[in-house]
Amino acid sequence: MEHSFQILDIIQQQFTGLLDGLSMEQLNQVPEGFNNNLAWNFGHIIASLQMLCYARTGLPVRLDESFVHAYKVGTRPETVITDEAWAGMKQLAAEGLEQLRADYRNGYFSDFKPYTTRTGIAVGSIEFAIQYTACHHGMHHGYAMALKRALA
């Protein structure tokens, strides 16, 4: 499982690196032809980790639920992200991944309830949920790369 955590770490670091140095205007801009922005995509991976590994498995999320609801699937950017909010999002991403790692190691997911994703993928274990989360993070990193190119 450590490999799955390493993949999540790498993707999250690359995602943060992709966005570091951009202006708040760039992070908040929704380019023509897109439904969301760079900040939303980063917030979405933070919220999705909570949904895929905690909420969908029947466990309470380890993050303020209002944040999760603001960035869950089906939402769009509704607020402008500030410098302070952006710094907080980066901290939430790092802390969320470390909490997931600690919870996994401490057996927090012993009562994991299987679920099926909206795309029909059966998630039968926390290990699979963590691997699926890594794939989901990678997909949104790719979206962010396309969004960033669209801003240029």
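Keep in mind that this is a model prediction, so the values were computed, not measured.

Trainee: Is there a simple way to explain the side chain of serine 4 in this structure?
Mentor: Inspection of the secondary structure puts serine 4 in helix α1 (residues 2-19). Apart from residues no more than four positions distant in its own chain, serine 4 is found in contact with Ile130 and Gln131.

Trainee: Please clarify how the confidence of the model for the protein should be interpreted in this entry.
Mentor: Segments scoring low in pLDDT should not have their predicted coordinates read at a detailed level. Chain-level statistics for the protein give a pLDDT mean of 94 and a share of 100% at 70 or above. By mean pLDDT, helix α4 (residues 65-71) is the weakest element of the protein at 92, and helix α2 (residues 24-28) is the strongest at 97.

Trainee: Where do I start with the packing of helix α3 (residues 38-53) against helix α5 (residues 83-105) in this structure?
Mentor: For any two helices packed against each other, the geometry is given by the interaxial angle and the distance between the axes. Close contact between α3 and α5 brings their axes to 10 Å; oriented N to C, the two are set at 25 degrees. Between α3 and α5, the angle falls in the class roughly parallel. The element α3 and its partner α5 pack so that their crossing is left-handed. Judged by residue contacts, Ala39, Phe42, Gly43, Ile46, Leu49 and Cys53 of α3 engage Trp86, Met89, Lys90, Leu92, Ala93, Gly96, Leu97 and Leu100 from α5.

Trainee: What am I meant to see in the environment of methionine 145 here?
Mentor: Among the structural elements, methionine 145 can be located in helix α6 (residues 126-151). Methionine 145 gets classed as partly exposed once you look at its relative accessible area, which sits at 35%. In this structure, the C-alpha to C-alpha distance between methionine 145 and leucine 18, residues 127 residues apart in sequence, is 7.5 Å.

Trainee: Would you mind going over α3 with me for this structure?
Mentor: Owing to its 3.6 residues per turn, the α-helix aligns residues three or four sequence positions apart on the same side. For α3, spanning 16 residues, the distance from its first C-alpha to its last is 23 Å, which sits close to the expected 22 Å at 1.5 Å a residue. Of all the 16 residues making up α3, 15 are buried; the element is thus mostly covered by neighbouring parts of the structure. Between the side-chain oxygen of the N-cap and the backbone nitrogen of alanine 39 there are 3.2 Å, and the N-cap of α3 in question is asparagine 37.

Trainee: What am I meant to see in the environment of valine 123 here?
Mentor: Following the sequence through the fold, valine 123 ends up in strand β2 (residues 122-123). In sequence terms valine 123 and cysteine 53 are 70 residues apart; their C-alpha atoms lie 9.9 Å from each other. When neighbours within four sequence positions are excluded, valine 123 is seen to be in contact with Phe112, Pro114, Tyr115, Thr117, Phe128 and Ala129.

Trainee: Sorry, what's going on with α5 here?
Mentor: Over its 23 residues, α5 runs 34 Å from end to end, which matches the ideal 33 Å to within 8%, given 1.5 Å per residue. Those residues of α5 that sit buried are Trp86, Met89, Ala93, Gly96, Leu97, Leu100, Arg101 and Asp103. Lining the buried residues of α5 we find α1, α2, α3, α4 and α6.

Trainee: Would you mind going over the packing of aromatic side chains with me for this structure?
Mentor: Two aromatic rings, taken as a pair, are described by how far apart their centres are and by the angle between their planes. Under the definition given, this model contains 8 aromatic pairs. Through a chain of ring-to-ring contacts, three or more aromatic side chains come together here, namely Phe15, Phe42 and Trp86.

Trainee: Would you take a moment to explain the nonpolar core for this structure?
Mentor: Within soluble globular proteins, side chains that are nonpolar tend to cluster in buried spots. Membership of the largest hydrophobic core comes to 24 residues, with the highest contact counts inside it found for Leu19, Leu27, Leu38, Phe42, Ile46, Trp86 and Met89. When contributions to this core are tallied by element, the ones reaching two or more residues are α1, α2, α3, α4, α5 and α6. Take this core: its biggest share by element is 7 residues, from α3. Discounting chain neighbours no more than four positions away, the residues touching phenylalanine 42 are Phe15, Thr16, Leu19, Trp86, Met89, Lys90 and Ala93. Within the second largest apolar cluster, 19 residues are counted, among which are Phe5, Cys53, Tyr54 and Leu100.

Trainee: What is the right way to read the pattern of salt bridges from this model?
Mentor: Two side chains with opposite charge may pair up if their charged atoms get near one another. Summed over the entire model, instances satisfying the criterion amount to 6 salt bridges. Among the ionic pairs, aspartate 103 bridges to arginine 62, the shortest N-O distance being 2.9 Å. With aspartate 103 in helix α5 and arginine 62 in the loop between α3 and α4, this residue pair connects regions lying 41 residues apart in the sequence. Classification of aspartate 103 as buried rests on a relative accessible area of 5%.

Calculation criteria
Numbering of residues begins from 1 in every chain and follows the order in which that chain's sequence is written. The predicted nature of this model means local features are confined to residues of pLDDT at least 70 and side-chain atom pairs, given and counted, to a pLDDT of 80 or more, with totals for whole chains, interfaces and linings taken over all residues. Values reported for side chains reflect all heavy atoms of the structure, with hydrogen atoms and water molecules removed beforehand. Numbering of helices and strands runs from the N terminus, with a helix taken as a DSSP run of H or I at least four residues long and a strand as a DSSP run of E at least two residues long. Throughout, a residue-residue contact means that at least one pair of heavy atoms, one from each residue, lies within 4.5 Å. Scored between 0 and 100, pLDDT is the confidence that the predictor attaches to each residue. Axis definition: a line fit to C-alpha positions, over the contact stretch in the case of helices; interaxial angles, taken between N-to-C directions, run 0 to 180 degrees. Angle categories: roughly parallel below 35 degrees, roughly antiparallel above 145, roughly perpendicular from 65 to 115, and oblique for all the rest. Two helices that cross are described as forming a left-handed crossing if the nearer one is turned anticlockwise from the farther one by less than a right angle, and a right-handed crossing if clockwise. Each residue is assigned to one of three classes by its accessible area relative to the maximum for its type, calculated with a 1.4 Å probe on protein chains only: buried under 20%, partly exposed between the two thresholds, exposed over 50%. Helices are assigned an expected span. That span is 1.5 Å times one less than the residue count. Counting of polar contacts relies on pairs of N or O atoms within 3.5 Å, with two restrictions inside protein: one atom must be capable of donating a hydrogen and the other of accepting it, and residues adjacent in sequence are counted only when both atoms are side-chain atoms. A pair of Phe, Tyr and Trp rings is counted when the ring centres sit within 6.5 Å of each other, with Trp represented by its six-membered ring. The angle between the planes then sorts it: under 30 degrees is stacked, over 60 is edge-to-face, the rest tilted. Nine residue types can take part in a nonpolar core, namely buried Ala, Val, Leu, Ile, Met, Phe, Trp, Tyr and Cys, and a core is a set of them joined through side-chain atoms within 4.5 Å. Counted as salt bridges are all cases of a side-chain nitrogen of Lys or Arg within 4 Å of a carboxyl oxygen of Asp or Glu.

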